[in-house]
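Structure at a glance
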Amino acid sequence: MNGREAVIEVRGLRNQFGAQVVHENLDLEVYRGEILGVVGGSGSGKSVLLRSIVGLLRPAGGSVRLLGEDMLHIGEARRAELESRCGVLFQNGALFSSLSVADNVMVPMREHYSLPPAMMQRLAALKIALAGLPAGTGAKFPSELSGGMVKRAALARAIALDPDILFLDEPTAGLDPIGAAAFDQLILTLRESLGLTVFLITHDLDTLYTICDRVAVLSQKRVLVADTLERVERYDDAWVQDYFQGPRGRAAMGAAERREAKA
Amino acid sequence: MPSAPAPAASAPHLSRDDAGVLVASGDWTLAHARALAGRAAALGRSGTGGQERRVDASGILRLDTAGAQALLDLAPADDIKGLDANRRALLDAVAAAAARTETGGRRGRDGGVLDLFARTGNAVEQIGNDAWKLLGFIGLVLATLARSLPDPRRWRFTSLVFHIEQTGLDAVPIVVLLNFLVGAVVAFLGATVLKDFGASIYTIELIGYSFLREFGVLLTAIMVAGRSGSAFTAQIGSMKSREEIDAIRTLGLDPVEVLVLPRVLALLVSLPILTVLAMLAGIVGGAAVCVLSLDISPTMFVTRLQGLNATQHFWVGMSKAPLFAFLIAAIGCLEGMKVSGSAQSVGTHTTSSVVQAIFVTILVDALAAIFYMEIGV
């Protein structure tokens, strides 16, 4: 993937809350069509990074370019247009609890396009099926869904407008291993078929080994290293070594190797 | 990997060539979905019955899921030619997903007379259920109280004092102010009506009667229902939605004893005290109006008030305070216990708690008024 186009370009990002500096001089690129895994210890500012890229948080300094445009210095209208080309899956789904799943998926369509209701219904049903939910889920309310189904429903809403970039905040957290593996495959499938670029925050080592093209390690207030998994594993840093060479890291690595051997 | 930077937007186009193949070009995206649907419908009608359906999609500039679905409306996936590998993957994914969707209508209300009856019936049933549950809960609270009273080690003093402060002490300013103002208003109203009979002086009896027997306790109870009953529901409800009630239970404790009893007992202490203050504030409010604008001297006011059988009326009013306190606390706690899961549920039950508590308060007050009238006190 040489001469790749960077769809997200973060330069010299600085975030702070009061006296506490979360990010200092943080640089990161995400290239079109890749799945970038973002890892880091608790409190290292992974979610803060996501929030400042999608524009939910105004950084204290630096620049964020999304699809080639400087998010911090463009007008409201253009910004809203760019935001509609991003889909975000929040950690707990953030489905609107007063709306059915289908209505949740239709919210962005209703806001950004004027479509006949029947067409929206069909498209919503399509997205729900693409997210791997059984037919009939659309009529249900978020409170009637299991944890895994909530994530899938939230994913259906995130891809409602065919975004260019999909942001996922710990998509497999709280799912059982089978559900988590199925969700990983779903993201792979959607990436291939919808041509998505995926920005994925995760603690799940299996997810990293299974679907990520590159991994960015957030530590010491910046992106320590962002590269392929093989190179990141060998990176000379105590935290990175602990993370990938610890018992869980090695187990995930072994599992990934076994999978490859089988394939 | 997917397409190069998006080319300039261009409207989607669909036509039929000489060989009968549908030729699609332009942007087949969600932004043009309405136009696409119209175009496809028009061509579908113009096509002859048994015509073979094939689509040449090589001219398409941009394609998303909405566009893919529109293509699939024209022809099956295998008969759509001219797509590159990525778009083929998109089309296949959409075709596979579309096969799994069901195009059922939504559950809707018919909005007719039948619906009206059904909702009325549901509401009546709901009221019955609520009343039944409330009675059950009152029984449960009383039984728990009876069990824990003889055992001082199970009394929760810290919690009790905390709730007395929250529901009693903190409510003093608002309750006093409210009753003072209502006292003044009642005095004005009474004076206006009674002046025509030359009986302005009876304003004093009016204030004494109304605040000692009714207004003092009723206004306080309504204030406490809105202030503390709702707080009980919100506190217990948010604990319920975070599974804290379940945690209490698994730790071998009784949620009724830990959470409900201190609140009920606290209101049983606070509400009577607040009621006394409310009666005083109401009478002072009335006295202020009498002295300042009706030319009744303070001495006269006090003398006439003493002429009234004040002690008896005071106890009639006070006898209702513990009853209201118990009902308000029980309803507040019960509604909190009914919360399930979401934050929305906490809001619903808090509203319901206040409405029920005020309703029950006024209902019981009316029954008590009839009762005392009949027995002649």
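Quick caveat, the model's predicted, so the values are computed rather than measured.

Attention now goes to the packing of aromatic side chains. Evaluation of the coordinates by the stated rule reveals 7 aromatic pairs over all chains. Note on W155(B) and F157(B): the rings are 6.0 Å apart at their centroids and 70° apart in plane angle, and the pair reads as edge-to-face. An aromatic cluster is built from W239(A), Y243(A) and F244(A), whose rings are joined through pairwise contacts. A cation sits over an aromatic face here: R157(A) above F96(A), 4.6 Å from the ring centre. Across the ring face of Y202(B), the terminal group of R304(B) is positioned such that the distance to the ring centre comes to 5.1 Å.

Turning next to the pattern of salt bridges. Throughout the structure, instances matching the rule amount to 25 salt bridges over all chains. R191(A) is the salt-bridge partner of D213(A), the closest N and O atoms lying 2.8 Å from each other. Of this pair, D213(A) sits in the loop between helix 7 (205-211) and strand 9 (214-219) while R191(A) sits in helix 6 (residues 177-194), placing them 22 residues apart in sequence. With relative accessibility at 30%, the residue D213(A) sits in the partly exposed group. Given a relative accessible area of 8%, R191(A) falls into the buried group. A salt bridge links R154(B) to E257(B); its shortest N-O distance comes to 2.8 Å. Of this pair, R154(B) sits in the loop between helix 4 (113-148) and helix 5 (157-167) while E257(B) is found in helix 9 (residues 255-293), placing the two residues 103 residues apart along the sequence. Since its relative accessible area comes to 7%, E257(B) is described here as buried. When salt bridges that share partners are traced, they join E9(A), R11(A) and E29(A) into one network.

Attention shifts here to the confidence of the model for chain B. For chain B, per-residue confidence averages 86 on the pLDDT scale, and 93% of positions sit at 70 or higher. A low-confidence stretch, residues 1-7 of chain B (pLDDT under 50), is modelled with 12 contacts involving residues beyond four sequence positions or located in other chains.

Here we take up the sheet that holds strand 1 (residues 13-16) of chain B. Strand pairing in a sheet relies on backbone hydrogen bonds, with the paired strands running either antiparallel or parallel. All names here are of chain B. If you walk across this open sheet you meet the 4 strands as 1-2-3-4, and the pairing is mixed. With partners counted over all chains shown, the strands left at the sheet margins are strand 1 and strand 4 (80-81), one partner each. Note: strand 3 (residues 55-63) against strand 4, 2 bridges, orientation parallel. Bridging across to strand 4, D56 finds its partner in K81. Together, strand 1, strand 2 (22-28), strand 3 and strand 4 form the strand contacts of helix 2 (residues 65-74), whose direction differs from that of strand 3 by roughly 170°. Strands in contact with helix 3 (residues 85-100) are strand 3 and strand 4; relative to strand 3, the strand with the most contacts, it is inclined by about 100°.

Accessible area lost upon the coming together of the parts serves often as the stated size of an interface. With 33 residues of chain A in contact, the opposing surface of chain B contributes 27 residues. Note on chain A versus chain B: buried area summed over both sides is about 2,600 Å², and carbon and sulfur give 61% of it. Among the residues of chain A in contact with chain B, R122(A), L126(A) and S193(A) are the three that bury the most area, contributing 20% of the side total. Run the count over chain A and chain B and you get 1 salt bridge. A salt bridge links R122(A) to D73(B), with the nearest nitrogen and oxygen atoms 2.9 Å apart. The interface formed by chain A and chain B holds 3 residue pairs in polar contact (both at pLDDT 80 or more) in total. Only helix 4 (117-130) and helix 6 of chain A provide two or more residues apiece to the side of chain A that touches chain B. Of all the elements, helix 4 of chain A adds the most residues to the side of chain A that touches chain B, at 9 residues.

All names here are of chain A. Here helix 4 is 14 residues long and its end C-alpha atoms lie 20 Å apart, about the 20 Å a rise of 1.5 Å per residue gives. Within the span of helix 4, buried status applies to M119, M120, L123, A124, L126, K127, I128, A129 and L130. After helix 4 finishes, the residue G132 shows a positive phi value of roughly 80°.

Summing up the model confidence of chain A, the mean pLDDT is 85 and the portion of residues at 70 or higher is 98%. Looking across chain A, the model is least confident in helix 10 (residues 247-262) of chain A, with a mean pLDDT of 80, and most confident in strand 8 (residues 197-201) of chain A, with 91.

Moving on, we come to the domain arrangement of chain B. Domain assignment breaks chain B into domain 1 (13-100) and domain 2 (140-375). In this structure, domain 1 of chain B and domain 2 of chain B have C-alpha centres spaced 70 Å apart.

Next up on the list: the nonpolar core. Counting 87 residues, the largest nonpolar core has V215(A), F244(A), W28(B), L71(B) and I80(B) as its most contacted members. Sort the elements by how many residues they give to this core and helix 4 of chain A lands first, with 8 residues. When residues no more than four places from it in sequence are discounted, the contact partners of W28(B) are P12(B), H13(B), L14(B), L36(B), I60(B), R62(B), L63(B), D64(B), G67(B), A70(B), L71(B) and L74(B). Ranked by size, the runner-up nonpolar core spans 42 residues in total, among them L134(B), V258(B), L259(B) and V264(B).

Residue and element names in this part refer to chain A. Most of strand 3 (residues 35-40) sits out of view: 6 of its 6 residues are buried. Burial along strand 3 is two-sided: the residues I35, G37 and V39 and L36, V38 and G40 are all buried. By the bridge criterion, 4 bridges tie strand 3 to strand 8 in an arrangement that is parallel. Directly across from V38, in strand 8, lies its bridge partner I201.

Here we come to the environment of I331(B). Residue and element names in this part refer to chain B. Mapped onto the elements of the fold, I331 is located in helix 11 (residues 310-338). In this structure, the C-alpha to C-alpha distance between I331 and V355, residues 24 residues apart in sequence, is 10.0 Å. Ignoring any residue separated from it by four or fewer positions in sequence, one finds I331 in contact with L134, S353, Q356, A357 and V360.

With 29 residues, helix 11 of chain B extends 43 Å between its outermost C-alpha atoms, agreeing within 8% with the 42 Å of an ideal straight helix rising 1.5 Å per residue. When you tally the buried positions in helix 11 of chain B, you get 21 out of 29 residues, the bulk of the element.

All names here are of chain A. Counted under the stated rule, the structure contains 0 disulfides over all chains. Looking at C212, it has no disulfide partner, and the nearest cysteine sulfur is the one in C86, 18 Å off. Residue C212 is classed as buried on the basis of its relative accessible area, which comes to 12%.

Residue and element names in this part refer to chain A. Spatially, 4 strands are ordered 2-1-4-5 in an open sheet, and the strand pairing comes out antiparallel. Because the sheet does not close on itself, it has two edges, and the strands there are strand 2 (20-31) and strand 5 (69-70). Relative to strand 5, strand 4 (residues 61-66) is paired through 2 bridges, and the arrangement is antiparallel. Counterpart to L66 in the pairing with strand 5 is E69. Seen against the sheet, helix 1 (residues 46-54) touches strand 1 (6-17), strand 2 and strand 4 and runs at an angle of roughly 120° to strand 1.

What counts and what doesn't
Residues numbered from 1 in each chain as written. Chains lettered and ligands numbered in written order. Predicted model: local features only at pLDDT ≥ 70, side-chain atom pairs only at ≥ 80, totals over all residues. Heavy atoms only, no water. Phe/Tyr/Trp six-rings, centres within 6.5 Å; stacked < 30°, edge-to-face > 60°. Lys NZ or Arg CZ within 6 Å of the ring centre and 35° of its normal. Salt bridge = Lys/Arg side-chain N within 4 Å of Asp/Glu carboxyl O. Helix = DSSP H or I, 4+ residues; strand = E, 2+ residues; numbered from the N terminus. Buried < 20%, exposed > 50% of the residue type's maximum accessible area, 1.4 Å probe, protein only. pLDDT = per-residue confidence, 0-100. Contact = heavy atoms within 4.5 Å. Pairing = 2+ DSSP bridges. Axes fitted to C-alpha atoms, helices over the stretch in contact; angles between N-to-C directions. Buried area = accessible area lost by both parts, 1.4 Å probe. Polar contact = N/O pair within 3.5 Å; in protein donor to acceptor, adjacent residues only side chain to side chain. Expected span 1.5 Å × (residues − 1). Domains from an automatic or database assignment. Core = buried A, V, L, I, M, F, W, Y, C linked by side-chain atoms within 4.5 Å. Disulfide = S-S within 2.5 Å.

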